Structure formats: structure tokens, C-alpha cells
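# Residue-level structural notes
The chain contents come next:
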Amino acid sequence: MFKKNKFGKIITPLLLCLLAAAVLLIGIAYFNFISKKIYEDSTDHLSEIYDQVNRSFGAFVDRNWGLLESWDEYFAKENPDPAAVSDFIAKEKEYWGFSDFYFLSGGEAYMTASGSAGTMDLGDAKTNLTEQGEPIMAGDTPESGRDVIVFAAPAAPGSYNGFEYDAVAVSYNNADMASSLNVDAFSGKAKCFVVHNDGSVLLSTQTGGNVFENFLVYLKAASDISPDVLSQIGGDWQNGRSGLLQCKIGGVNYCILYQPVGYQDYILLSAVPQSVLSAGFLSVQKVTMNVLIIIFLLIGAAVIALLILRGRRLSRLNKTELRYRERMFDLLSNSVDDIFIMLDSANHNVDYISPNIERLLGIPLKDAQADIRVLEKCALGGDIVIPRDELEAIPLNGSKHRDYEYMHQSTGERRWYRMTVYHMSIADVKKYIIVLSDRTRDQLMNQKLQEALDAAKSANEAKSNFLSNMSHDIRTPMNAIVGFSVLLEKDADDPDLVREYTRKITASSHHLLSLINDVLDMSKIESGKTSLNVDCFSLPALFEELGIILMPQAKAKKQTFKTIVKGAPPEQLVGDKLRLNQILINLLSNAIKYTPDGGEIEFIVSELPSPTPQFAKIRFTVRDNGIGMSEEFLEQVFNPFSREISSVTNKIQGTGLGMAITKNLVDLMGGIINVESAPGKGSTFTVELTFTVPDAEEPETWLRRKIPRMLVADDEEDICLSIKELMRGTGVDVSFATDGASAVSAAVKAHKSGSGFNVILLDWKMPGMDGVEAAREIRAEIGADVPILVLTSYDWTDIETEARKAGINAFMPKPFFVSTLKQTLEPLFTDKDGTAAERTAEDDKVMEGLRFLVAEDNELNAEILKELLGMEGAECEIAVNGKEAVEIFENSAPEYYDMILMDVQMPIMNGYDATRAIRSLEHPSAKTVPIAAMTANTFAEDVRDALNSGMDGHLSKPIDMAAVKELVAKLINNKNNSGDGPKNENGGD
Amino acid sequence: MKFFKKKCLILLLAAAAAVLMTSCSGLAPDKNSDKVTLSVMGKESDLNKSYMTKIFDLYEKSTGNKLDIMSFEDSEYETTAVRKFAKGDVPDIFLHFHNADLNRFNVADNFCFLNDEKWVDDLTDGAEAYCRDKDGNLLGLPFWENSVSGCYYNKTILDGLGLKPATNQAEFDVLCQVLADTGYTPICWPADGCSWMAQFGLDPIFADDPALLERLNKNEVSYADIPEVNNMVNWISNAADKGWFGADYLETGWSEISPAIASGEAVMTFIWDTWFDTDFEPGGKYSKDDFAVMPVFMNTADSGTYEGGNLNMMMVNKNSENLEASLDFLDFCADPENYNKAFDGISTVNCFKGQTTNIQSKPVIDAAASIAANERVSTAASRINGYSADDVAAALHDMLSGKTDARGCIKRMDEYRITEAQNQVSDEF
């Protein structure tokens, strides 16, 4: 089959070449034959023409001589007078076209018919005329300068006008003669001469005239005729022979024909360019050849065109079909997630690749077409995509497959493919067909199934752990409560034991409560129901609260608790203070909890750069040098129910929910939380949150007015600089010293100079001279007028008495805030007016004499609340559900109740509905009586729901009397101030 | 010895006294003498011609009058002379060719017409015709080398080829073609800067038809309207196309004529006879004796044409105080005895019938009959208002170099001519 095809490929062009060669050879042979034939015919034609010319010329000569003879006879016979001769000649001249008539004497002298006399030079012909009595033809150049031809014939001697003559003659102008020899057969391009046998030209047919003196001389000078041939020509002419020759004159081939005229020595000579001579024949030849060539070319062109058209049609059909198939395959491949590749097995060049490679792997189609090895870039795990040797090892018609994980080059998406390589032969060409079959969905499904399985296992395990932990954690306080309750009943008569049991029951209750709160929080967060209660809050206040809560815990464990503020964070922020508090308490209490006694805990607050001044990005860092966490536990520290199991942690109470709650709250607030920890080296938690900064308040002026100059003393220069930075906007001139002695010196020096400080802020614990000692010495020097404050992050209650004795006016918690300074200083400046001291006492009696309506379905809770309110000097009436509360209030006298405490979840009518009902009553106090929710639902949305129902505040259960007093004071105060009752505010919590 | 010294001393004193007396007589001319000094203005090269200096010397010696020769550099002559005339500084005798530039000098107001001078009959026809203006007034005495311009051909080459000179335009064309076919350059046509060629063709048109010349000068017709001008330009174009001027004629200038002619590369050229005495450089294959003359054929005259010489004329200031002396000066120059002394041995065609001592060229003598039959006065260059041989040559060059065709060439010839005529403040333009 192969040999046949190869032979078939060769035979066609071979036959075509042979055919062309045969045609060419035939053409050349034909051309040569035609050329030779044409030349022969041309020369024959030339000879024929000039035979005819010669005969015509001879007839012309004979005619003239005949005329001369006849005229001589006429003159001799008639002897006409000159006038008659003139008339006769004139008529003959007009008829025959000669230029003049002559009576000749001696072949030289002449007289014309008109009587003009002259001479003419007939050359050698004169002898023929005069001596031999022959008619002659000769050239002459008369005075006019124009050449003429003279025909003369002997005549009977006679006399004309007294002129004795013996011959008569006529003359023709050269041009007139030439016309008789002109040969039209050669388009006027043939030169025809009548020459003497020596070559001198008698006349020429050249248009315009003759410029040839001697044509033989001209041939000698201008042609390529050899001297021998010229000599032969001369001989021919001398001997009256004809001849034909070819020569080249001025690069043009001429055919020269000569033959004797038959009179005297005259030769008729013609010179015709060969191109002219053969023009007619050549044109036939050319036409014939052209026709043949054209026919051949047309046939050839037709064959080629047919072949080309056939080839193109087939090619077009093939291409079209191929395009259809490719297009269909492209479309097909675009609709599937499998990639198809065809490689040439010889060079591994890509013959085809489905265009979906760009979509599925992010590889540009062109790149893949250029080099299939581009796939290697996508293969994860450094896999070589079917190594070449492995590819070539696949047997023909065999296949091989392998699984790959690829990464999409644009999106980074991972996809899994099964690559199957088929080695096959297509049209005798070996190819590799590669199919990359997408297994991503299967893979992902498997992964998800595995993850789900793992998650289920983990959850199950976590819940088992949780239940186990909860069982233990709940049972522990419950055991204490139950146990101490039994003991309380037993030892009810021993007040000391009762107090001791009561204290332990309370502690266990609080622990149990925190457990419950955490579980509920987590449950709430996980169910996605947690939302933020965003409001403006004071950062210093937050820190103060944190200090109040956490400082005693740290103190109990003799830990150093430092609060450090870096930079100048805004004091007022907008955010969910409650959740922030929760986050920070979780972190800080854990730090305290998991740091051994005497350890160190740092709480660092720093402001990070924020893109706009409307937002503040705050980083809270809690660092301890406690027990730390293992690397494994760090990975799940934020997972719920996760507690590291160790001998230490086992002794510490916890639900394992704190960090999970914290993480979720941070996420909820759009922040980030990170942790770094190492076992035995402590932990560092970092929380970064972004808060809105409320519009700037009026510039602080009070401080500038009261304390134009302030001295700060702290052994940490950073703190001094921080305070100076924080005070920059107040207009207060801040100086600082980094030890107690320097502070004393600066204060004394300033006092003595008359520009003393208006307030002095001393760190408590400074190396060398501490704050108290420094205050004492300053007081000794400058007296008691200047307030001296002690800045401390420690609980100062132990040293308060000594400090006051030393002259210290007040304590300020670290970190330093301007607002804290102002709050600290204000009483000192207002104490002088005697107004501040009375406020605390009033606050303590805020509940006294008030009458509360309490809606509480839980009898025990209602009883406790009634007792607690009674302890504060307040009266209390109980409604067991919301409906009863509404009815009681409706039936009460105006202003009878000062406030309503409303449980939310109650039978018959819940607290929200009851509040709405009360607010809708016609009762005079319905709109004004303060109503506060009492609920275990302490989330922000619970507060919002309470307020939306018409309540004025929110108290979380279990009831904290301090919170009750604060809320009561606020609501009652608002009511009194407004005169028309409290308004719905977001106040009170 | 002592005697010898004394004798020498006496001789020296006598010589010194003689020199002193001579000098004194020069410094103090006789105030009562009627001798005059005539101012003669001309180009430096013209005035330095040997026959000019000879006639000036003869005059001064013979008459005792003086000639104040005012010669100017050739390139500055026209400008300087025009400026002097404008200031009224007109010389007694003014030398100028009878050409278009002469119009700048207000001939009618400044110069005498010399129609009645006694020497007029002694002038040859050609010379006399040259010096007359369009109204037939004789403007000056032609005192210059005369010449005959024609088609000077290499007779040796023609004889060697068995060819004879043409007697009419058709024969000339045949001759050119035969020469070209034979491998010769028929005509040396120096198209680069040689401006005289075309005027030979134009001469017959206007010399044979003075009325046509007058209409042309009155701007009633243009070259484009004249068939013969078209014939001439077309002939030049065709001749170039047929190779009759050879291959490099566009770069051929004055200095290339002699080598081309002397080497036999070119067979013919349109030139004047005295050129063979003044500018032909022997050393080539052929000498000046190999040349003969036939008429110029440029398709404007069937029998061809010769152009008579361009002659420097001596013109007389009609307003001069020395008018009589000036006319006497011309009479002196036109005296056969004097001019034969001046032109003794000079190669020139006769300006005066009585010229006998000059040398006439053999071609001219041999072609005397043809010249007599076909010579025309130099008409185009001297009679056509605004004619500039350079302008015509430039227009022809443009055509021959393919920048324009024959019609465009004639149009440019007209434009140049009219512009030049306007520059000459010709009333008709």
C-alpha cells in the first residue's frame, strides 16, 4: 500500500515533466523548421519582388529611351519651330513627369526647349552616347544642387535655335525616379538603390533623398562584411552577377540583394532589414507559435487549475469537516470538565487541545498548544506530567492512567483529574490521546464526607467532653450549695457558721451562674442570634470597671497587674461596651486564672493607625507569664468546650467556652484575635477592634483654667511622655520627672520661682523615693494648696491612710486618661465649695421610701427581691404575672408606685405585653411610671426588646442591688428632672 | 679713460635733458590745439582684441587725437554701462552687439543712425544687415571678427562612409539616421549651457518673415502660435529621442564640444567657423582640416540656413560734443587701408568688401555658394524682444531632460521671452 502511494505520488509529476519536455522539443524543432522555411521563403520573396522592380525599372528606362527616339524622329521629320517644340515638350513633360528636356551636343552641352543653355556631366556614360551611339542613363548635379537622372539617346544631327545637337535627353529629379523604384512590400523600410558597378549611387528610394555617395564604401565602413566578401561583391558587380548576402549594419541584420539592371553597368541593389523582410512570415510564425504556446499553456493551466480546484475542494471539504468536528468537539469539551489532548508521539507536539483547558486550569490555550509541559506548572506536589519515558513506554493501543491534583493558575482553585493516556495510530501516524477527566466533584465530596465524619466525631467527642465537664462543673457548685444548705439548716444557730456557709453558698452560686451564662452565651452565638448593642462609651470607664472587677482577683493571687496605654487612643468610642467588656474580662480573668501566684499580667491598650479619623483601631493585648499552652492546644483554643488537660488546669474551674465566646464576639465585632503561647512561658492574646469615634467635643478648658501647669513623676519615661501626649490638647503645661527625688526638686524649685505647679501627679511605686514619700517632702516644702495625686495600677486601699497623711489628695488608677484626671480633680476643687461630699450619702439612700410593683412569677425570686428592696428601705408589692401587674397598677392611685420591676417571661401575660398594656392605660401615671425589665436574658436584643415595649431600663438576673440602685437613681432622677416622667433611653443595664 | 668718462657724462646729461623736455611737453599740452580725446566704452575682453588695439593705435598716431578707453569686466559691463547711461554718462563711442540687451541703452535717443555714412556700401550684405535695426537704420560700424555659423561636419568620416552632405532637411534627417545606425553620434548637441543652437533654427523663421517678427515683438503672436517654432522644437525632441545627439548630450557643455568633434565620436555640430581657430583643440583623431560646412537643418528651412556673425558695433553718441570727431573715428576705422592693417592675419569672414588681409576659413570658402544662398543675419538673438539664448536653452533643457514636453517647452520659451521683454520695459509688453 505504501509503495503504491509513493509510486503514485512520483508518476504524475514525472509524466507531466516528460510531456512538457516532449512538447518543448517538438516546439523547438518546429520553430527551427519554420525559421529556416521562413528565411528561404523571405529571400525568395525578396528576389521575386526585386525581379519585378528590376523589370519595372527596365520598362521605365526603355520607355524614356523610346520616347527620346520617337521625339527625335518627330523633330527630324517635322522640323518644328522652337515654339512648337516648347509646346510639345511641355505637354509631354506634363504627361510623363520628367523634369526637363535637353538637346545635347557632344554629350555635354545642352539647350533646353525653352532655349536655356548649359552643360551637364554624364560621366563615363558620355562615351557610350557619343562614341558608341547607345542610349544612356546617368546622374548629374546641376547648379540647383539637386541630383537628377538623365536619360539620353543619340539623335539625328539637327539644330535647335541655332544649337547643333546630336542627342536628346530628359532628366528626372531623384525623388521622382525613386518613386518608380519604391517597394511597398516592405512598408517602405527597404532601401533600394541603383548603383554603378563601382558602388557609386545613381539614385536611391530612401524617403527624403539620397545621402549615399558610394554604397560599397558604406558597406565597407559600416557593415560587418569581411573584405573578402566585399571583394567578391565588387567582382559580382563588375561582372554583372546577382547575389544575396546577410550582414549587420549598426547592430541591425540586413539582407542585401543585388542584380544587374541590364543597362550599362547599373546594379539594382536592395537592403532590407531582416526583421522587415521576415516580418510577415515571422508574424505567421509568431502567431502559430503563440497559438501553440497558448493552447499548451491553456491546457496546462486547465489541468493545473483542475488539480488545484480538486485539491482545494478536497482540502476545503476536509478542512470544513475538520473545522466542524473541531468546533463540535470544542463545544462539547466546553460543556464538560474533561480536557482532551492529542500529542504527536514522535515529537510530543500538541496536535489538538480542547479549549476548556483555559477555563478548567487557567492555562492560556496558546501556551498549552506551544508546549504541553506547561501542565507541570499546575500540578501540585511536584508531579511531572507523565514523564516522557513513561509515556513512550505505553504500548501501541495501550493506555495508562494516573491521578493528579492541579491548581487553577488564575483562581488558585484546586482540581483533581485522572489523566488517561491512550497510545494509538491514526492514519499511520502514532498519537497519544490524553484525557484529563475531572474528578474534582468526587474528590470534594469525599473530602466533605471525611470532614463531616471528622466533624461529627469531633462534635460527638466535644459534647461528650462537655457533658462530662458540665457534669463535673455543675455538680461541684451544686454539691456545695446543697451541702452547705444542709449544714446551714443544721448549724442555723451558729451565726459564724451561718455566715461562713452563706458565703460559700453565694460563691458556688456565682460560679454556677457564670457557667450557665457561658453556656447560654455560647448557645446564643452558635444559633446566630447574637447582635451588638452599639453605643457611645468611655474607654477610661471601661478600664476602671475592669480594674474594679479584676484587680481584686489579681491581688488575691499577689499578681502584678499592669495597665498600659500606648499612644493617645480616643477616650470616647462607639461600640458594644458590654461585649467588649466581656471579651476583655474573659481574656484577663483567664490570664489571672492561669498565671500562678506572684505572676505578672499586662493589659496594654494601643491605638493602631486608622485610615480615617472617624475610626479608631484599638489593639488590646493581654500578656501573662502563666502556664501557657501547648502548640496542639493553641490550634483549638477557640473551639468550644476545649480545655487543655493538665494537672494544673484540672484544678481550675472552667467551661471551655470562654475563649470560644471571645473569639465569636471578636468576629461579631469585625475584629481579629490572635494568641501566642508556649507552655511555662505564658500567653499573649491580641485583640484588634475598630470603633467609631464620636464627633469631637468642645475643647477642654476646665483643666487649663484650673491647672495651667502639672508635674508628672513616673520611673517609666514612656508613661510620662504618654501623659504629656495625652494632655497636649488640654492646654496644660506638663513637666515630668522620672524619680521621686527629681519630682520633689522640680516641684520645690517651681514653687520658689513663683510659677509652681498647679497639680502634681506621682507614681506610687518608684525606685528610691516612692510616690508617698515624695508627696510628703513636697508638702513639707510647698504647703497644702497644690493637689497631689498618686497614679497607680494597684489597689491603694492599704496605703490610703498613710498616703492621705503624707498629703496626697486623691488616687488615680492607671492607665492615665484626661477624663479620669478631670474626674479626680473636680471634687478636689469643688470640695472647697462643700458640695461633693454630700452626693455619696444621697446615693446610698436612693431607694429609701420608694414603692415598687414587682411582677415576678417565681415565688422564690419574688421573695428574695422583696427582702432586698426592704433592706434598702423600699416597699414592694408582688404581681405573679403580667396581667395581674397591669390590673394592680390600673387600680392604684396616681403616683402610688414609684417604679415597676417587670419580669419578662411570665405566664398569662409576659413582661413586654404587660408593659405595653400599662403604657396604654388611662392611668395618670401610666406614661410616666418607670418600668425596668428583670430578666435572665441579658443580650443586647433583649435590652432593645425591653425598651421597645415601653420599658425604661433593664436589670439582669440574678438581681444585683447595686445595679438596681444605680438604675433607680437614674430613672427617678430623670423623672424628677423632666417633670413628666422618664423617657425611653438606652440607659440603664 | 678720462675722455671716455667725460663723454659718458655728456651723453647722460643730454639724455636726461631730452627726457625732461619730453616730460614737460606732456605735462603742458598746447591749449590751442584742436585735438580731441574720444571716450570709448566696451568690454575689457572686446577692447583687448588685437585688431581693436591696433586700430586704436593707428587712429591716435594718425590723427593725434586721443582715445579714452573705458573698459569694464565682461561680467559687469552691462550693469555698469546701463548705470552710466542712466546718469547721462554716455561715451563718445560705445561698443555693443546688436542683441536684445542693446534695448536697455535707449538707442534712438543716444546714438546716431549711420545710414548715410560713406563706408556703408563697403559693408558686406551680412554685416550690414546685422547692423540695421527693424526700421532699417544702421546703428553702428561692424568692426569685429565675422563668422559663418552652420553645420560643420566631419567630411572625412562622411567620405569614409560613402556619404555626402545633405542638401535639404529630409536628406539631413536621413544622414543623421544613417550615421546613428552606423554607430556615430550624428550631432554634438551641447545642451548644458550652450545657448546658441536654437537661434540658428529660429533665424530663418523671422529673417524670412519680418512681419512675423514684428508681430512677435508687438506681442501679437507667440512662439506657440508659429508652426515653424513648433516644428523646430519637435524636431529637436525627436532628434534627441532617436539618439542623434548621443547619450550624454544633457551633460555636454562648451568644453566637451571640441573633444567630441576632434575624436570623431560626433560627426557634426552647429558652430561658427572661427570656433575652429579659437576653441577647437587639436590632438584628437581629426583636425580642423577634416571639417566642412553645410547648412543647419532644424526643420525651419528646407534648404537649411547659415547664420551670419554676431558683430560688435561701434556706435556714436549723437549728443556728444565730439560728434564730428566720433564720426571721423568711424570713418577712420572703415578706411580699407586701416581695417586691412587691423585685421591682417585675423581669421574672419569679411565684414567689409574690401577686406583682403584677413584669413577666411576653408569650409566657408568651399561652401561659398551654399552660404550665399542660405545665409541669414542673426535675427533671433538680435531682433526678438526679450530673446535670451540662455532662456531658450533652459526651456529646451527642461524638455530634453523630461521635465516637460514640446508644448511645455514652447510655453516656457514664451514666458521667459515675455518676462525678459517686460524687464526691458518694452512698450509692447
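Residues numbered from 1 in each chain as written. Chains lettered and ligands numbered in written order. Predicted model: local features only at pLDDT ≥ 70, side-chain atom pairs only at ≥ 80, totals over all residues.

### Comments concerning the overall build of chain B
Looking only at helices and strands, one finds 20 helices and eleven strands in chain B. Relative to its 429 residues, chain B shows a buried fraction of 46%. In chain B, the share of contacts with a sequence separation of at least 24, taken over all contacts with a separation of at least 6, comes to 76%. (Helix = DSSP H or I, 4+ residues; strand = E, 2+ residues; numbered from the N terminus. Buried ≥ 20, exposed ≤ 12 C-beta atoms within 10 Å, placed from the backbone. Contact = placed C-beta atoms within 7 Å.)

### Notes on the overall build of chain A
Counting its regular elements, chain A contains 29 helices and 33 strands. Taking all 989 residues of chain A together, 33% fall into the buried category. Within chain A, counting contacts between residues at least 6 apart in sequence, those at least 24 apart form 62% of the total.

### Some words on the nonpolar core
Core analysis: the largest hydrophobic core is formed by 199 residues, its most contacted members being Ala152(A), Ala169(A) and Leu396(B). It is strand S5 (residues 148–160) of chain A that provides the largest number of residues to this core, a total of eight residues. One finds Val565(A), Leu711(A), Ile760(A) and Leu762(A) within the second-largest nonpolar core, a separate group that totals 44 residues. (Core = buried A, V, L, I, M, F, W, Y, C linked by C-beta atoms within 7 Å.)

### Some words on the pairing of strand S13 (residues 350–353) of chain A
All names here are of chain A. Bridge count for strand S12 (residues 339–344) against S13 is three bridges, and the pairing is antiparallel. Its bridge partner being in S13, Leu343 is matched across the sheet by Val350. Between the end of S12 and the start of S13, which pair antiparallel, lie five residues, with His348 showing a positive phi angle near 65°. (Pairing = 2+ DSSP bridges.)

### Points about the packing of helix H26 (residues 882–890) of chain A against helix H27 (residues 911–919) of chain A
Residues and elements named next belong to chain A. Running from amino to carboxyl end, H26 crosses H27 at an angle of 20°, the nearest separation of the two axes being 8 Å. The angle between H26 and H27 falls in the class roughly parallel. As H26 runs across H27, the sense of the crossing is right-handed. Residue-level inspection shows Gly882, Lys883, Ala885, Val886 and Phe889 of H26 in contact with H27, the latter providing Gly911, Asp913, Ala914, Ala917 and Ile918. (Axes fitted to C-alpha atoms, helices over the stretch in contact; angles between N-to-C directions. Parallel < 35°, antiparallel > 145°, perpendicular 65-115°, else oblique. Left-handed = near helix turned anticlockwise from the far one by under 90°.)

### Side note on unusual backbone geometry
With a phi angle near 70°, Asn397(A) is a residue other than glycine that sits in the positive phi range. With respect to the secondary-structure elements, Asn397(A) resides in the loop between helix H11 (388–392) and strand S14 (399–407). The residue Asn219(B) is not glycine, and still its phi comes out positive at about 60°. With respect to the helices, strands and loops of the structure, Asn219(B) is situated in the loop between helix H10 (210–217) and helix H11 (227–241).

### Some remarks on the interface of chain B and chain A
Accessible area lost when the parts come together is the quantity often used to give the size of an interface. If you look at the interface, chain B gives 17 residues, while chain A gives 17 residues. It is helix H8 (residues 169–182) of chain B that contributes the most residues to the side of chain B that touches chain A, eight residues altogether.

### A look at the sheet that holds strand S30 (residues 875–879) of chain A
Residue and element names in this part refer to chain A. An order of S30-S29-S31-S32-S33 is seen for the five strands of this open sheet, with the pairing classed as parallel. Looking at strand neighbours, the two that pair on one side only are S30 and strand S33 (953–956), the edges of this open sheet. This sheet shows a mean twist of 25° between the axes of neighbouring strands, independent of strand direction. On top of the sheet, helix H25 (residues 859–871) reaches strand S29 (851–855) and S30; it is set at about 165° to S30, its chief contact. Contacts from H26 reach S29, S30 and strand S31 (899–903), with the element oriented near 150° to S29.

### Things to note about the packing of helix H20 (residues 740–752) of chain A against helix H21 (residues 771–782) of chain A
Residues and elements named next belong to chain A. Interhelical geometry of H20 versus H21 gives an angle of 20° and a closest axis separation of 9 Å. Relative to H21, the element H20 lies roughly parallel. As H20 packs across H21, the resulting crossing turns out to be right-handed. Along its contact with H20, which presents Gly740, Ala743, Val744, Ala747, Val748 and His751, the element H21 presents Gly771, Glu773, Ala774, Glu777, Ile778, Glu781 and Ile782. Of the residues belonging to the contact of H20 with H21, the class tally is seven nonpolar, three polar and three charged. (Nonpolar A, V, L, I, M, F, W, Y, C, P; charged D, E, K, R; others polar.)

### What about the environment of Asn219(B)?
Using a count of 18 C-beta atoms within 10 Å as the deciding quantity, one classes Asn219(B) as partly exposed. Sequence separation between Asn219(B) and Asn385(B) is 166 residues, and the spatial gap between their C-alpha atoms is 9.3 Å.

### Points about H26(A)
Residue and element names in this part refer to chain A. Gly882, Ala885, Val886 and Phe889 are the residues of H26 that are buried. What you see down the axis of H26 is that its buried residues fit within an arc of 100°, all on one side. Turning to H26, the residues buried within the fold contact S29, S30, S31 and H27. (Arc of directions from axis to C-beta.)

### Some words on the environment of Asn168(B)
Checked against the element boundaries, Asn168(B) lands in the loop between helix H7 (155–160) and H8. Linking Asn168(B) and Val296(B), residues 128 residues apart in sequence, is a C-alpha distance of 9.5 Å. Leave out the neighbours within four places in its chain, and Asn168(B) touches Gly209(A), Asp302(B) and Ser303(B).

### Things to note about the pairing of S5(A)
Residues and elements named next belong to chain A. Taken together, the five bridges between strand S4 (residues 136–140) and S5 define a ladder with antiparallel strand orientation. Within the sheet, the bridge partner assigned to Ile136 lies in S5 and is Ala152. Inspection of the sheet shows S5 paired to strand S6 (residues 163–173) by ten bridges, in the antiparallel sense. For Gly158, the partnering residue across the bridge sits in S6 and is Tyr165. Taking the residues that link successive antiparallel strands as the turn, the S5-S6 hairpin has two residues, and the phi of Asn161 there is positive, at about 55°.

### Considering the confidence of the model for chain B
Residue and element names in this part refer to chain B. Confidence in the prediction of chain B, expressed as mean pLDDT, is 87, and 91% of residues score 70 or more. Counting contacts from residues 1–32, a segment whose pLDDT is below 50, to residues more than four positions away or on other chains yields zero contacts. Both scores are available for the predicted complex, with the pTM at 0.49 and the ipTM at 0.74. (pLDDT = per-residue confidence, 0-100.)

### Some remarks on helix H19 (residues 717–726) of chain A
Residue and element names in this part refer to chain A. For H19, the full list of buried residues reads Ile719, Cys720, Ser722, Ile723 and Leu726. Seen end-on, H19 carries its buried residues on one side only, within an arc spanning 165°. In H19, the exposed positions angled more than 90 degrees off the buried face are occupied by Glu717 and Asp718.

### As for the sheet that holds strand S15 (residues 414–426) of chain A
Residue and element names in this part refer to chain A. If you walk across this open sheet you meet the five strands as S13-S12-S16-S15-S14, and the pairing is antiparallel. The outermost strands of the open sheet, each flanked by one partner alone, are S13 and S14. Averaged over all pairs of adjacent strands, the angle between their axes in this sheet comes to 20°, without regard to strand direction. Of the strand pairs in this sheet, S12 and strand S16 (residues 429–438) are connected by six bridges, and their pairing is antiparallel. Its bridge partner being in S16, Ile339 is matched across the sheet by Leu436.

### What to know about the confidence of the model for chain A
All names here are of chain A. Scored by pLDDT, chain A comes out at a mean of 81, with 88% of its residues at no less than 70. Helix H24 (residues 837–844) is the least confidently modelled element of chain A, averaging 52 in pLDDT, while H26 averages 93, the highest of any element. Note on residues 832–839: pLDDT is under 50 here. Beyond four places in sequence and across chains, it has five contacts. Below a pLDDT of 50 lies the segment residues 979–989, which in the model reaches 26 contacts outside its immediate sequence neighbourhood of four places, other chains included.

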